[in-house]
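Observations on the model geometry
Spelled out from the first residue to the last, the chains are:
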Amino acid sequence: MLPATTRVEPRLAKLLVDRPRRWLKDVLTERLSSRILEPGDRWVSAWPDAQGLSFQHRFSAEELAEEFEAAGLAIVDRVSTYFVLHASSAEGGERDLGRAPVYRAADDVRTEKLEDALLLVDLGRGTTFRLNPTGTIIWELASQGLTVPSIATELALRVKDGPAEAELLAETRALVGELVASRLLEPARPGSVS
Amino acid sequence: MIAGAVIAQLAEVARVVRALPAVERGRRTLGPKPLLAELRERGKKAAARGPEDRARLRRAIGLVDALCPGKRNCYRRALLEIALDAGGANARFVMGFRDGEALLGHAWLAGREEPQDRYDVRIEL
């Protein structure tokens, strides 16, 4: 049983409950629509419901963390509230709920090989991008549906005597972010990219 | 005879000037794919021109392009020709890119103004 703690003032309750609740609602909506979460996941029904929220009224963050860990749920991040990485699926077994997003090339993007580079032309928006050889590998792997960490791992194997994997991960993250911001890559459903 | 040719040329310049705002607005706000679709719709409603009329149109476009602020612009010229000539609307639009220290690009209508320079990449729409 969880021990009860002191009562929470209304302002603090708003901070602890209302804002995380709105945030969770947004995250769940987005994750359900992209099928990262699916109806039936235990996490969906267990955490943002009234009982879960009442925990925040009655117990401290540390106590909640202990309780979640005792239930076998791994907490990977804390942004106003908790984010759960793994939960048992309705069918049993573990599903990775916090997996990194995957991408695909936007529809109107044409790619053309240059001698030592790759040219990306967005025919819908009229922008061009020239990628160097490393950027070309990142583009090819990203548009095949690999996650950023997987791309960095693959890059580390392909680039002999290159930077450390942590550096490659940062570079990959930066370039993929730039390509997404330029709408050359767009988020895809996991498993939908061939 | 000469007066007639001058009047025809001036009329062509006036047509180009009328089409210019829509082309410039599109050039600045849309990518080539949606812009070409829009201008081809417009161009298909224009008269199909013979060689002489087409040459007159191209002279008018060249003049207006030269008078626009900034450098002459091949993309603008090709778009104006698509918007004002049914033949231009049906022609393939080509973008050529040449790689170097900087990426150089050129745009033209296939079969009408084939460039002398070679390009590493050609994209036809």
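Residues numbered from 1 in each chain as written. Chains lettered and ligands numbered in written order. Predicted model: local features only at pLDDT ≥ 70, side-chain atom pairs only at ≥ 80, totals over all residues. Heavy atoms only, no water.

**A closer look at the sheet that holds strand β7 (residues 117-122) of chain A**
The strands that make up a sheet are held in pairs by hydrogen bonds between backbone atoms, and each pair lies either parallel or antiparallel. All names here are of chain A. One open sheet holds the three strands; their spatial order is β6-β7-β8, and the pairing between them is antiparallel. Two strands in the sheet have a free side with no partner beyond their single neighbour: β6 (109-114) and β8 (127-131). Ignoring which end each strand starts from, the neighbouring axes of this sheet average 20° apart. Direction of pairing for β6 relative to β7: antiparallel, over a ladder of six bridges. Within the sheet, the bridge partner assigned to arginine 110 lies in β7 and is valine 121. (Pairing = 2+ DSSP bridges. Helix = DSSP H or I, 4+ residues; strand = E, 2+ residues; numbered from the N terminus. Axes fitted to C-alpha atoms, helices over the stretch in contact; angles between N-to-C directions.)

**So, helix α6 (residues 148-158) of chain A**
Residues and elements named next belong to chain A. Here α6 has its buried residues at Val148, Ile151, Ala152 and Leu155. The arc enclosing the buried residues of α6, seen along the axis, measures out at 100°, which places them on a common side. Where α6 is buried, its residues meet α5 (133-143) and α7 (165-181). (Buried < 20%, exposed > 50% of the residue type's maximum accessible area, 1.4 Å probe, protein only. Arc of directions from axis to C-beta. Contact = heavy atoms within 4.5 Å.)

**Focus: the packing of helix α2 (residues 32-44) of chain B against helix α4 (residues 74-84) of chain B**
All names here are of chain B. Their axes nearest at 6 Å, the elements α2 and α4 cross at an angle of 35°. Contacts between α2 and α4 pair Pro32, Leu35, Leu36, Leu39, Arg40, Arg42 and Gly43 from the former with Tyr75, Leu79, Ile82, Ala83 and Leu84 from the latter. Taken together, the residues of the contact of α2 with α4 sort by class into nine nonpolar, one polar and two charged. (Nonpolar A, V, L, I, M, F, W, Y, C, P; charged D, E, K, R; others polar.)

**Some words on the nonpolar core**
Ranked by size, the top nonpolar core spans 34 residues in total, and within it Val16(B) and Phe93(B) carry the most contacts. Secondary-structure elements contributing two or more residues to this core are β7 of chain A together with α1 (2-29), α2, α3 (51-67), α4, β1 (93-98), β2 (104-109) and β3 (121-124) of chain B. Apart from residues lying up to four places away in sequence, Val16(B) is in contact with Leu57(B), Ala60(B), Ile61(B), Val64(B), Leu80(B) and Leu84(B). By size, the runner-up hydrophobic cluster in this structure holds 21 residues, among which are Phe129(A), Ala142(A), Val148(A) and Ile151(A). (Core = buried A, V, L, I, M, F, W, Y, C linked by side-chain atoms within 4.5 Å.)

**Remarks on the confidence of the model for chain B**
Residue and element names in this part refer to chain B. Per-chain confidence: chain B averages 90 in pLDDT, with 99% of residues scoring 70 or above. Per-element mean pLDDT across chain B ranges from 89 in α1 up to 95 in α4. For this predicted complex, the interface score ipTM comes out at 0.82, alongside a pTM of 0.63. (pLDDT = per-residue confidence, 0-100.)

**Topic: the confidence of the model for chain A**
All names here are of chain A. With 45% of its residues at a pLDDT of at least 70, chain A reaches an overall mean of 65. In this model, residues 1-6 is a region of pLDDT below 50 whose contacts with residues beyond four sequence positions or in other chains number 14 contacts. For residues 37-60, every residue scores under 50 in pLDDT, and the model assigns this stretch 56 contacts once sequence neighbours within four places are set aside.

**Considering a nonpolar patch on the surface**
Where nonpolar side chains cluster on the molecular surface, the patch consists of Ile2(B), Val6(B) and Leu10(B) and spans about 320 Å² of accessible area. Locating Val6(B) in the fold gives a position in helix α1. (Patch = residues over 30% accessible without salt bridge, like charges linked within 9 Å, V, L, I, M, F, W, Y side chains within 5 Å. Areas by Shrake-Rupley, 256 points an atom, 1.4 Å probe, with all protein chains shown as cover. Salt bridge = Lys/Arg side-chain N within 4 Å of Asp/Glu carboxyl O.)

**Quick notes on the pattern of salt bridges**
According to the stated counting rule, one finds 21 salt bridges over all chains in the structure shown. With a closest N to O distance of 3.2 Å, Arg104(A) and Asp107(A) form a salt bridge. Classification of Arg104(A) by relative accessible area gives partly exposed; the value is 30%. For Glu12(B), the salt bridge is made with Arg15(B), and the minimal N-O distance between the two is 2.8 Å. Of this pair, Glu12(B) and Arg15(B) both sit in helix α1, three residues apart, roughly one helical turn. One connected set of salt bridges, linked through shared partners, spans Glu24(B), Arg27(B), Arg28(B), Asp65(B), Arg76(B) and Arg77(B).

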